[in-house]
Amino acid sequence: MTEKVLWAIAAVVAAFVLFLQPIGKEEGPLFQKGTTYAAWQNDSYGTLESGRSISLLKKTNTEWVSLVVTWYQETQGSVVIYRDPRLTPDNQGVIRVIDQIHRLGMKVMLKPTVDVADGTWRGGIRFDSEEDWRAWFSSYRYFLDYYAELAAEQGVEEFCVGVELDETVHRDGDWRRIIEDVRTRYDGPLTYAANWDSYWDVPFWDALDYVGIDAYFTLPTESPPTVEALLSSWAPWIAELKMFHDIVRTPILFTELGVCSVEGASAQPWDWTLPGESDFQEQAHYYEAAFRAVWDKPWFYGFYWWTWQPESREINNTGYTPQGKPAERVLTQWYAKPVVKRP
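Draft legend 1. Representation of unusual backbone geometry. Backbone torsion omega between serine 223 and proline 224 reads -5°, so that peptide bond is classified as cis. Its location among the elements puts proline 224 in the loop between strand 6 (210-214) and helix 6 (227-248). Backbone torsion omega between tryptophan 306 and threonine 307 reads -5°, so that peptide bond is classified as cis. Residue position: threonine 307 is located in strand 8 (residues 300-308). For asparagine 61, which is not glycine, the phi torsion reads 70° and is therefore positive. Inspection of the secondary structure assignment puts asparagine 61 in the loop between helix 2 (48-58) and strand 2 (64-73).

Here you go:
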């Protein structure tokens, strides 16, 4: 067999192997210029107002959208997780908004979330008996599999397997089985959204593609805080995050981050009930300081700001959304910048 023939055969084989590679699956971690999109009404995602809101979000240079869908359990001790016909976004609306996000050239992280119907925090969900733990994880597996299959069908680019379930993460074996089960239904990257004060407690980061942190770190400063003061308050958290990354060696995302536009809110950014007068400038300074703090860190791979709303007419001037506030300009300017990450 001549050398030319051998080279020809090699070329054909190489082309065939290339043809067999999956289309659209990008290798390695991706920096995610993200914003959260959340609703708590069954028809919110399917409305014209929602369509308009997503189009406005695109203008902020957002490239990734964390899409929240919430199911409920009655109390922290309940073992049944259910779709609320009034509050859970319906599938038609979820599929419609995913399609619009994709048509606008953005990517989706689907974020199924459990809330407690009595108003207590999901982080307190826990059980005293092994029977109850098994029943809850069985219900949770059904809930997560449902959306993992929807994510696969709709070409969703990332999937979050849990949100701030602090008192459950010690059940390492149960969580690893959940993650394995999701991977049989969805083949994209996975993360878990740990609360800002409990990400050290999660034992299964090695089973995921990104460490997710809902980064409501307390940033105590004088009032009103300057960008420089807020940046100084970030410093110990950044040092701790670097130390954490050096151990887990998994890219870090801020799966949530944000602050109410209320005077003094930077000291308690997790508290959505803070009273007070609106302070748009403090919120904008918070955004600027957060971007400066982590943007160029080699272990950091993106933000999902909390939160953009479907119903712009119902925006709360003291709430988290940056819509129509100075923080939106900060977001837009930073997301216009290029990002280069070392592998």
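Draft legend 2. Summary view of the nonpolar core. Grouped together as the largest cluster of nonpolar side chains are 96 residues, with contacts concentrated most on Phe159, Tyr192, Trp234, Phe254 and Phe303. Sort the elements by how many residues they give to this core and helix 4 (residues 130-153) lands first, with 10 residues. For phenylalanine 159, the residues in contact, after removing those within four places along its chain, are Met109, Leu110, Pro112, Leu144, Tyr147, Ala148, Ala151, Val182, Tyr186, Pro189, Leu190 and Thr191. In this structure, Met109, Tyr210, Leu253 and Tyr301 belong to the second largest nonpolar core, which totals 9 residues.

Draft legend 3. Main features of the packing of helix 6 against helix 7 (residues 280-294). Where helix 6 meets helix 7, the axes come as close as 9 Å, and the angle between the chain directions of the two elements is 45°. One finds that helix 6 runs oblique with respect to helix 7. The way helix 6 lies across helix 7 gives a crossing that is right-handed. From helix 6, Val227, Glu228, Leu230, Leu231, Trp234 and Ile238 reach across to helix 7, where they touch His285, Tyr286, Glu288, Ala289, Ala290, Arg292, Ala293 and Val294.

Draft legend 4. Spatial organisation of the sheet that holds strand 4 (residues 158-163). Taken together, the 8 strands give a closed barrel; going around it, the order is 1-2-3-4-5-6-7-8, and neighbouring strands pair in parallel fashion. Recorded for the sheet is a direction-independent mean angle of 25° between the axes of neighbouring strands. Looking at chain direction, strand 1 (residues 32-37) and strand 2 are connected through 4 bridges and run parallel. The residue bridging glycine 34 from the neighbouring strand is tryptophan 64, located in strand 2. Packed on one face of the sheet, helix 2 meets strand 1, strand 2 and strand 8 and runs near 155° to strand 1.

Draft legend 5. Region of interest: a nonpolar patch on the surface. There is a patch of nonpolar side chains on the surface, built from Trp200, Met243 and Ile247 and spanning about 330 Å² of accessible area. Relative to the helices and strands, tryptophan 200 is located in the loop between strand 5 (190-195) and strand 6. Overall, the relative accessible area of 40% leaves tryptophan 200 in the partly exposed class.

Draft legend 6. Summary view of helix 3 (residues 91-103). The first and last C-alpha atoms of helix 3 sit 18 Å apart over 13 residues, in line with the 18 Å expected at 1.5 Å per residue. Taken together, the buried positions of helix 3 are occupied by Gly93, Val94, Val97, Ile98, Gln100 and Ile101. For helix 3, the angular spread of the buried residues around the axis is 165°, confining them to a single face. The exposed residues of helix 3 that point more than 90 degrees off its buried face are Gln92 and Arg103. Close packing links the buried residues of helix 3 with strand 1, helix 2, strand 2, strand 3 (107-116) and helix 4. Within two residues after helix 3, glycine 105 carries a phi angle of roughly 85°, on the positive side.

Draft legend 7. Structural view of the pattern of salt bridges. This structure, assessed with the given rule, holds 20 salt bridges. For glutamate 63, the salt bridge is made with lysine 33, and the minimal N-O distance between the two is 3.9 Å. Linking glutamate 63 in the loop between helix 2 and strand 2 with lysine 33 in strand 1, this pair joins segments that are 30 residues apart in sequence. On the basis of relative accessible area, glutamate 63 is assigned to the partly exposed category, the value being 36%. In this structure, the salt-bridge partner of arginine 126 is glutamate 167, at a minimum N-O distance of 2.9 Å. With arginine 126 in the loop between strand 3 and helix 4 and glutamate 167 in the loop between strand 4 and helix 5 (172-183), the pair connects residues that are 41 residues apart, well separated along the chain. When its relative accessible area of 38% is taken as the criterion, arginine 126 is described as partly exposed. Via salt bridges that share partners, Glu130, Arg171, Asp174 and Arg177 belong to a single interconnected network.

Draft legend 8. Quick look at the packing of aromatic side chains. A full pass over the atoms with the stated rule returns 50 aromatic pairs. Aromatic pair tyrosine 140 and tryptophan 175: ring centres 5.4 Å apart, planes at 65°, arrangement edge-to-face. With tyrosine 140 in helix 4 and tryptophan 175 in helix 5, this residue pair connects regions lying 35 residues apart in the sequence. Note on tryptophan 175: relative accessible area 0%, which makes it buried. Arranged with centres 4.8 Å apart and planes meeting at 80°, the rings of tyrosine 199 and phenylalanine 244 form a pair that is edge-to-face. Taken together, the positions of tyrosine 199 in the loop between strand 5 and strand 6 and phenylalanine 244 in helix 6 put the pair 45 residues apart, joining distant regions of the chain. The residue whose ring lies beneath lysine 337 is tryptophan 334, and the NZ or CZ to ring-centre distance is 3.6 Å.

So, how was this worked out
Residues numbered from 1 in each chain as written. Predicted model: local features only at pLDDT ≥ 70, side-chain atom pairs only at ≥ 80, totals over all residues. Heavy atoms only, no water. Helix = DSSP H or I, 4+ residues; strand = E, 2+ residues; numbered from the N terminus. Core = buried A, V, L, I, M, F, W, Y, C linked by side-chain atoms within 4.5 Å. Buried < 20%, exposed > 50% of the residue type's maximum accessible area, 1.4 Å probe, protein only. Contact = heavy atoms within 4.5 Å. Axes fitted to C-alpha atoms, helices over the stretch in contact; angles between N-to-C directions. Parallel < 35°, antiparallel > 145°, perpendicular 65-115°, else oblique. Left-handed = near helix turned anticlockwise from the far one by under 90°. Pairing = 2+ DSSP bridges. Patch = residues over 30% accessible without salt bridge, like charges linked within 9 Å, V, L, I, M, F, W, Y side chains within 5 Å. Areas by Shrake-Rupley, 256 points an atom, 1.4 Å probe, with all protein chains shown as cover. Salt bridge = Lys/Arg side-chain N within 4 Å of Asp/Glu carboxyl O. Expected span 1.5 Å × (residues − 1). Arc of directions from axis to C-beta. Phe/Tyr/Trp six-rings, centres within 6.5 Å; stacked < 30°, edge-to-face > 60°. Lys NZ or Arg CZ within 6 Å of the ring centre and 35° of its normal.

Just geometry here; none of it tells us what the structure is for.
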